[in-house]
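These are the residues of each chain, in order.
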Amino acid sequence: AGTIGGVSAGLIGSPLYGFAAASEAAPGGMGGASVVLVLVCLALLISALGAAGVSFGIAAARRISGRMGPSCIVGGALGGLLIGAIVKLIGIDAFNLLIGRAPADITGPGEGALIGAAIGLAAWIGLSQWRLRIAGPIGAIAGATAGVLIVLLGGRMLAGTLDLLAQVFPQSRLRLDAIGRLFGEQGFGYTSQLVTGGLEGALFAGCVVGAMFLAEERLRARSVP
């Protein structure tokens, strides 16, 4: 259920980045539709892997402890840490193999652990009986806080990573300047990173925990005679 929620978050949020990048595409370059499609596929892959790792960590912690408790925070953090490390390792190796260089500061285990811990906390609080129906909003608040905190600590969410790739590879046609202009910035600046980091975290965590709520509610309904 959590993985499905992560994929849903990718489907909702990624087209916004795709349209922003497409608006900056140079004439005669990569078509706008292709830009949107590429970014949607990339975001879906990252969202699915991240949600799968975090959800598995929370489920494993719940199975080991026998209940939804503080162990879910640890499980979510470990799941996010592991997936973040694997994705970063493969991403850096892929860039080095294909292009000969790679950005070192792309999103990775630290960001994954923080988002995973936020989702674990929201799952623990939100999936208790008396707070079940506000699990999604609790997840969104926890995720937004984690997303902003990641940027404040010098990390990067998806949009920040995409902007970093555009800086490292200046010949690429990937630009998110349109987002920066919404906040009066030249390019994709610090304010843009803070806002998009919070929105990404809110959407991802809210969808993951919301999907868990739907699954939990269905399971509890089946258990009632």
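What this report covers is the structure whose coordinates are included nearby.

About the cut-offs
- Throughout this description, residue numbers start from 1 for each chain and increase along the sequence as written.
- Whole-chain, interface and lining totals are the exception, using all residues; otherwise, since this is a predicted model, local features are given only for residues with pLDDT of at least 70 and side-chain atom pairs are given and counted only at 80 or more.
- To get the side-chain values, take all heavy atoms of the structure and skip hydrogens and water.
- For the purposes of this entry, the term helix denotes a DSSP run of H or I that reaches at least four residues, the term strand denotes a run of E that reaches at least two, and both are numbered from the N terminus.
- Relative accessibility thresholds used throughout: buried, under 20% of the residue-type maximum; exposed, over 50%; partly exposed, between the two (1.4 Å probe, protein chains only).
- Only heavy atoms enter the contact rule, under which two residues are in contact if any of them lie within 4.5 Å.
- The protein chains shown are the only cover counted for residues, whose accessible areas, like all others here, come from Shrake-Rupley with a 1.4 Å probe.
- Note on geometry: axes are C-alpha line fits, over the in-contact stretch for helices, and angles between N-to-C directions span 0 to 180 degrees.
- Each angle gets one of four labels, with under 35 degrees taken as roughly parallel, over 145 as roughly antiparallel, 65 to 115 as roughly perpendicular, and the rest as oblique.
- Take the far helix as your reference; a near helix turned counterclockwise from it by less than a right angle gives a left-handed crossing, and one turned clockwise gives a right-handed crossing.

### As for the overall build of the protein chain
Across its full length, the protein chain holds eight helices and zero strands. Element order for the protein chain, N to C, with α for helix and β for strand: α-α-α-α-α-α-α-α. Of all 225 residues assigned to the protein chain, the portion counted as buried reaches 47%. Long-range pairs, those at least 24 residues apart, make up 73% of the contacts in the protein chain between residues at least 6 apart in sequence. Carbon and sulfur atoms form 70% of the exposed surface of the protein chain, whose accessible area is close to 11300 Å².

### Regarding the packing of helix H4 (residues 109-126) against helix H5 (residues 135-152)
Their axes nearest at 9 Å, the elements H4 and H5 cross at an angle of 155 degrees. Judged by the inter-axis angle, H4 sits roughly antiparallel to H5. When the axes of H4 and H5 are compared, the crossing they make is right-handed. Across the interface between the two elements, Glu111, Leu114, Ile115, Ala118, Ala122, Ile125 and Gly126 of H4 pack against Ala135, Ile138, Gly139, Ala142, Gly143, Ala146, Gly147, Leu149 and Ile150 of H5.

### Describing the environment of Leu194
Secondary-structure assignment places Leu194 in helix H8 (residues 190-223). Judged by its relative accessible area of 21%, Leu194 falls in the partly exposed class. On a C-alpha basis, the gap between Leu194 and Ala144 in space is 9.8 Å, while along the polypeptide they are 50 residues apart. Residues within four places of Leu194 in sequence aside, it is in contact with Val148, Val151 and Leu152.

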